[in-house]
Amino acid sequence: MKTAALKSWILCFAVVPALLLVMYGIEQFGSTIHLRASGTPPTEIGFIDRAGDPKGAETVSTAGILSIWGWAADTAKGAPVDRVMVYVDGIDAGAAMLGVTRRDVEKYFSRSDYSNCGWSFQMPASKLSPGKHTVTVTASGPSGTAQLAPNRIITITADTDGGRR
Amino acid sequence: MTRPFIEGKQIRDLPEPPSRARSYATFNSVLACVACLVTAYILITSLIIVHNAYSPLPLMDSWSLWQLYKQNGNYLAFLFQQHNEHRIVVTRLVYIIDRFVFHGRNLFPLVCSLLLQVATGVWLYRIVRRTGEASRLSRLLVGCAICSALSSAQQFPNLVLGFQIQFTMVCCASCGSLLALTRAAERWQEGRDPELWFAVSCVSALVATYSSANGLLLWLVLLLFGLWLRLPFRFLLALLFDMILVGLFYMRDYHTPSQHSSPFEALTLHSGRVLIVAGAFVGSPFDGIRAVLAVPFGAPSDNGRVAFAGACGAIGVGVLIRSGILLWRRRDRYTKGHAALIHIAGFVVLTAVLVGLGRANFPLVAALDPRYATYGLVFWIAMGAFYWSFVERRLGALSAHWYQIAFSGVVLWTILGLAVRQPFWIRYSKAYGKVLNQIQAAIVSDVFDEPIWQASFPSGAAILGEADYLRQNHLSVFTEAWTTWVGKPVERLFTVDPARSCMGAFDSVTPIPSQIRPGWRVSGWAWDRLRQTGPGTVILVDPTQRIAGVVKNPVEREEIPLAISEVRSSRVGWTGYVAGSVPKTLRAYLLESDGRSLCALGAPLTLARGEDRKISTSNPGDQARDRLVQHGSSW
């Protein structure tokens, strides 16, 4: 009898509070992960928009030009950052040109000091061997150095007709 | 105990002469067939509409999931974050399942939303059955009316957009919650344990609350309903306790969105406006009937539409208030089904007032937004079913002749109010689908054609990163192989068919001089001579024989079949994008039915920076255009 009464009271009073408690736990768990992520200070932020041929295809022939572009900003100082370095397979390929206007990034973050956060980099693809290569980019500024996401995979193909096309 | 209104009486049992009874039976069969046919028509046309307007890409508010994910880095951190005035935990959970199980293709939320509409219909029907005994034909007609209303396309966004699951979910959960409480009361009266059904009712109410903000009002409605049902004190106490607890938890860190009116200000300064919005909200399903009846008088002003819907809504609310008073004063004359229906209608009216309070600063016509039509339809189903049971009881004492008139009225309402507008929504869904195709073409090609991106999200540039995220993670439309073709050598994927079994050409090219992601918009037409159809896919190839663009969106080009007799369809146009800023020459190929062979379309096209231009090479498209110009048709 006691068990039945207990069951009755649990079903009446405990279901909603229990669900709310579970929901609160999920919320707190999510916030903790978020705090951990945002607590680390990679204060140089940015993105590699594209790596490949000038129109963005990930495959470039050895006769072509490898183009890489994106944006980078310092969350404290804004943009442009001090330096954006490009690496192919971990080897320094050179510094990117800074100061490209990026109204989309400015609008997205509602930060007018991000308006010139774009960067671009070009190099002859002939400097790379045919096959797949990984492009990584770092941005350096007053708040430190951070690697920009994501790593881009490009494919260099051999130019079979001496670039006559 | 409640007394059934018509004690299992069928039409054929009525005391009529045999010949007349036979003619009534025949007429009833015809009515049943018409009702079923009309319902099937609405269902099928609505499914066509859903098909026309489906896109795997996010649209408008549904981009928010990806934006929040990119800002927060995990899906749980923003589960409870406000979306406008709502906390849409349930919607977000559905989208998280879609992302991890169904690759974010938007289909899972859409199917769930449609299934919820089915469930709402089932719950409503089960409640209606609790209003008393009814004839078989009556049950069939009520079922058809519920099915037709809940599948009617006047709730267009709620049928075609998965994100609108918050609307269908709150309707389904509120009807389910009231039904479960009814069931709990029935079990208690039968001397059986009601607790499980009570718990189901509370959980449904919690689901409604975390689907849409108006779900909070359901707790108050449940408490009133519980009082009417004379549930034991502990149940009422539990409902009150849950209402306060959920309310406090919900309002923690809550803020009124900046674009909305302050409810207190709206109530004190704009109470008239709030009432108009609420009335129009409830009466919005009549906007469709008005549109049908007003065809000879031309398009009315927005104020005229609001006034008509507001008047209908005011009548509905007036009848509800009267019914509610009677329900409480003469409790023994009503069944639990009646009370549940009145409380469902009451929930919709409270929702309408809440919308009025939050949106008093919006244009009045916003109350006729098709997404609100689901609430309005549920209100009128509830009110209609409530009074239908009385009509049945009265008619039971009269002759079968009156039955025919009443039943015919239900069928006529279904046809006039719901079915007649379906062709309009089919046309609308086609135009809508065309815009979705353009958005898809621009996003997949990664060309920032700003007006097109803005059609997907008001600030088009704000979703560039989200589109990249979808592409990199092979989500949404990027699960489809064709989205990865750009940049690949054409010979690796296809072979050029020298038999030339197609015809077509480039028509126009427009540079997209975006600072962010430039490119060109190119268009043309194509006709597959082998299959006798328009283009399924058109491949654009650059001089290095790499794929520069893929076009998957056939569009209507009615002038082409008029000009070229061999072309037998108007769906022969195509519009696509080529990314980049370096001028180049393109060739267009039609992908043939085998999925491997390409057929060259007309002369190559040279892309250049500068003004828009029409292609002036001598090709069938130009010939078609020339003939149209000669005949004075508009281009």
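What you see as residue numbers is a count from 1 along each chain, following the sequence as written. As they are written, the chains are lettered A onward and the ligands numbered 1 onward, keeping that order. For a predicted model such as this one, the threshold for reporting local features is a pLDDT of at least 70, and the threshold for listing and counting side-chain atom pairs is 80 or more; totals across whole chains, interfaces and linings nevertheless cover every residue.

## Focus: the overall build of chain A
Part 1 of the reasoning: Scanning chain A from N- to C-terminus turns up two helices and nine strands.
Part 2 of the reasoning: Starting at the N terminus, the α and β elements of chain A follow one another as α-β-β-β-β-β-β-α-β-β-β.
Part 3 of the reasoning: A burial count over chain A gives 36% of its 165 residues as buried.
Part 4 of the reasoning: Any two residues are considered in contact once their C-beta atoms, placed from the backbone, lie within 7 Å. Of the contacts made within chain A by residues no fewer than 6 positions apart, 64% connect residues no fewer than 24 positions apart. Only runs of H or I of at least four residues qualify as helices and only runs of E of at least two qualify as strands under DSSP, and these elements are numbered from the N terminus. Counts of 20 or more other C-beta atoms within 10 Å of a residue's own C-beta define buried residues, counts of 12 or fewer define exposed ones, and intermediate counts define partly exposed ones; C-beta atoms are placed from the backbone.

## Section: the overall build of chain B
Part 1 of the reasoning: Along the backbone of chain B there are 23 helices and 12 strands.
Part 2 of the reasoning: Of the contacts made within chain B by residues no fewer than 6 positions apart, 76% connect residues no fewer than 24 positions apart.

## What to know about unusual backbone geometry
Part 1 of the reasoning: We note that D89 of chain A has phi near 55°; this positive angle belongs to a residue other than glycine.
Part 2 of the reasoning: On the neighbour-count criterion, D89 of chain A (13 C-beta atoms within 10 Å) is partly exposed.
Part 3 of the reasoning: If you check the backbone angles, Q545 of chain B has positive phi at about 60° while not being a glycine.
Part 4 of the reasoning: With respect to the helices and strands, the residue Q545 of chain B is situated in the loop between β6 (538-541) and β7 (547-551).
Part 5 of the reasoning: Taking the number of C-beta atoms within 10 Å as the measure of exposure, Q545 of chain B has 13 and is therefore partly exposed.

## Some thoughts on the packing of helix α12 (residues 271-283) of chain B against helix α15 (residues 336-358) of chain B
All names here are of chain B.
Part 1 of the reasoning: As a packed pair, α12 and α15 sit with axes 8 Å apart at the nearest point and diverge in direction by 135°. Considered as vectors, α12 and α15 are oriented oblique to each other. As α12 runs across α15, the sense of the crossing is right-handed. The segment α12 lies against α15, with V274, L275, V277, A278, F281 and V282 engaging V348, V349, A352, V353, V355, G356 and L357.
Part 2 of the reasoning: Looking at the contact of α12 with α15, its residues break down into 12 nonpolar, one polar and no charged. To obtain an axis, a line is fitted to C-alpha atoms, over the contacting stretch when the element is a helix, and the angle between two such axes runs from 0 to 180 degrees between their N-to-C directions. Roughly parallel means an angle under 35 degrees; roughly antiparallel means over 145; roughly perpendicular covers 65 to 115; every other angle is labelled oblique. By definition, turning the near helix anticlockwise from the far helix through less than a right angle yields a left-handed crossing, and turning it clockwise yields a right-handed one. Here the nonpolar group is Ala, Val, Leu, Ile, Met, Phe, Trp, Tyr, Cys and Pro; Asp, Glu, Lys and Arg are the charged ones; every other residue, Gly included, is treated as polar.

## Examining the interface of chain B and chain A
Size of an interface: often given as the accessible area lost when the parts come together.
Part 1 of the reasoning: Of the residues lining the interface, 42 residues belong to chain B; the matching set on chain A comes to 37 residues.
Part 2 of the reasoning: Elements that contribute at least two residues to the side of chain B that touches chain A include exactly α8 (195-209), α10 (233-251) and α20 (464-472) of chain B.
Part 3 of the reasoning: Broken down by element, the side of chain B that touches chain A gets its largest block of residues, eight residues, from α10 of chain B.

## What about the domain arrangement of chain B?
Part 1 of the reasoning: Throughout the structure description, domain borders are defined by an automatic or database domain assignment. For chain B, the domain assignment lists domain 1 (11-429) and domain 2 (485-630).
Part 2 of the reasoning: The gap between the C-alpha centroids of domain 1 of chain B and domain 2 of chain B is 47 Å.

## As for the sheet that holds strand β10 (residues 585-591) of chain B
The strands making up a sheet are joined through hydrogen bonds of the backbone, oriented either antiparallel or parallel.
All names here are of chain B.
Part 1 of the reasoning: Taking strand neighbours across the sheet as the criterion, the five strands line up as β3-β11-β10-β6-β7 in an open arrangement whose pairing is mixed. Pairing within the sheet leaves two strands with one partner each, and these edge strands are β3 (495-496) and β7.
Part 2 of the reasoning: One requirement defines pairing of two strands: DSSP has to find at least two bridges between them. For β10 and strand β11 (residues 597-606), the ladder comprises six bridges, and the chain directions are antiparallel. Counted as the bridge partner of L590 is C599 from β11.

## Focus on the packing of helix α2 (residues 63-72) of chain B against α20 of chain B
The angle between the axes and the distance between the axes are what describe a pair of packed helices.
Residue and element names in this part refer to chain B.
Part 1 of the reasoning: The contact between α2 and α20 brings their axes to 9 Å, and the two run at 90°. Here α20 runs roughly perpendicular to α2, going by the angle between their axes. When α2 is examined against α20, the residues W63, W66, Q67 and K70 are found in contact with a partner set consisting of G465, E466, Y469 and L470.
Part 2 of the reasoning: Classifying every residue of the contact of α2 with α20 gives four nonpolar, two polar and two charged.

## Details of the domain arrangement of chain A
Part 1 of the reasoning: Considered domain by domain, chain A is made up of domain 1 (1-40) and domain 2 (44-157).
Part 2 of the reasoning: Relative to domain 2 of chain A, the C-alpha centre of domain 1 of chain A lies at a distance of 45 Å.

## Examining helix α4 (residues 107-129) of chain B
Residues separated by three or four positions in an α-helix point in the same direction, a consequence of the helix having 3.6 residues per turn.
Part 1 of the reasoning: Any helix carries an expected span of 1.5 Å times its number of residues minus one. When the terminal C-alpha atoms of α4 of chain B are compared, their 33 Å separation across 23 residues agrees well with the 33 Å that a helix rising 1.5 Å per residue should span.
Part 2 of the reasoning: Within the sequence span of α4 of chain B, burial applies to P109, L110, S113, L114, L116, Q117, T120, G121, W123, L124, I127 and V128 of chain B.

## Concerning the pairing of strand β3 (residues 65-74) of chain A
All names here are of chain A.
Part 1 of the reasoning: Of all 10 residues in β3, nine are buried, a share of seventy percent or more.
Part 2 of the reasoning: Bridging between strand β1 (residues 44-52) and β3 involves eight bridges; their strand directions are antiparallel. Within β3, the position partnered with R50 by the bridge is W69.
Part 3 of the reasoning: Pairing geometry for β3 and strand β7 (residues 118-124), over seven bridges, is antiparallel. Paired with L66 across the bridge in β7 is M123.

## Section: the confidence of the model for chain B
Residue and element names in this part refer to chain B.
Part 1 of the reasoning: Along the chain, pLDDT gives the predictor's confidence residue by residue, from 0 to 100. Summarising the model, chain B shows a mean pLDDT of 86, and 90% of its residues fall at 70 or more.
Part 2 of the reasoning: α4 holds the highest mean pLDDT among the elements of chain B, 97, whereas helix α23 (residues 620-630) holds the lowest, 34.
Part 3 of the reasoning: Contacts from residues 1-14, a stretch scored under 50 in pLDDT, to residues over four places away or in other chains number 31 contacts.
Part 4 of the reasoning: In the predicted structure, residues 616-635 sits below a pLDDT of 50 and forms 26 contacts with residues beyond four places in sequence or in another chain.
Part 5 of the reasoning: With pTM at 0.78, the complex prediction returns an ipTM value of 0.78.

## Thoughts on the pairing of β7 of chain B
All names here are of chain B.
Part 1 of the reasoning: The buried count for β7 comes to five of five residues, which makes it a mostly enclosed element.
Part 2 of the reasoning: As defined by bridge partners, β6 adjoins β7 across four bridges and the pair is classed as antiparallel. Residue V538 lies in a different strand from β7, and its bridge partner there is V551.
Part 3 of the reasoning: In sequence, β6 turns back onto β7 through a hairpin of five residues, with Q545 there showing a positive phi of about 60°.

## So, the environment of Q154 of chain B
All names here are of chain B.
Part 1 of the reasoning: Take Q154: it is sitting in the loop between α5 (136-151) and α6 (156-160).
Part 2 of the reasoning: Judged by C-beta crowding, with 24 C-beta atoms within 10 Å, Q154 ranks as buried.
Part 3 of the reasoning: When the C-alpha positions of Q154 and F424 are compared, they lie 9.6 Å apart, and in sequence the two are 270 residues distant.
Part 4 of the reasoning: When sequence neighbours within four positions are dropped, the list of residues in contact with Q154 reads P285, G288, P370, A373 and R421.

## A word on the environment of R471 of chain B
All names here are of chain B.
Part 1 of the reasoning: Within the secondary structure layout, R471 lies in helix α20.
Part 2 of the reasoning: In this structure R471 comes out as partly exposed when scored by C-beta crowding, with 17 C-beta atoms within 10 Å.
Part 3 of the reasoning: Remark: the alpha-carbon pair of R471 and S46, spanning 425 residues in sequence, is separated by 31 Å.

## Considering the environment of T351 of chain B
Residue and element names in this part refer to chain B.
Part 1 of the reasoning: Tracing the backbone through its elements, the reader meets T351 in helix α15.
Part 2 of the reasoning: Residues T351 and I49, 302 residues apart in the sequence, show an inter-C-alpha distance of 28 Å.
Part 3 of the reasoning: Residues within four places of T351 in sequence aside, it is in contact with N214, L217 and Y375.

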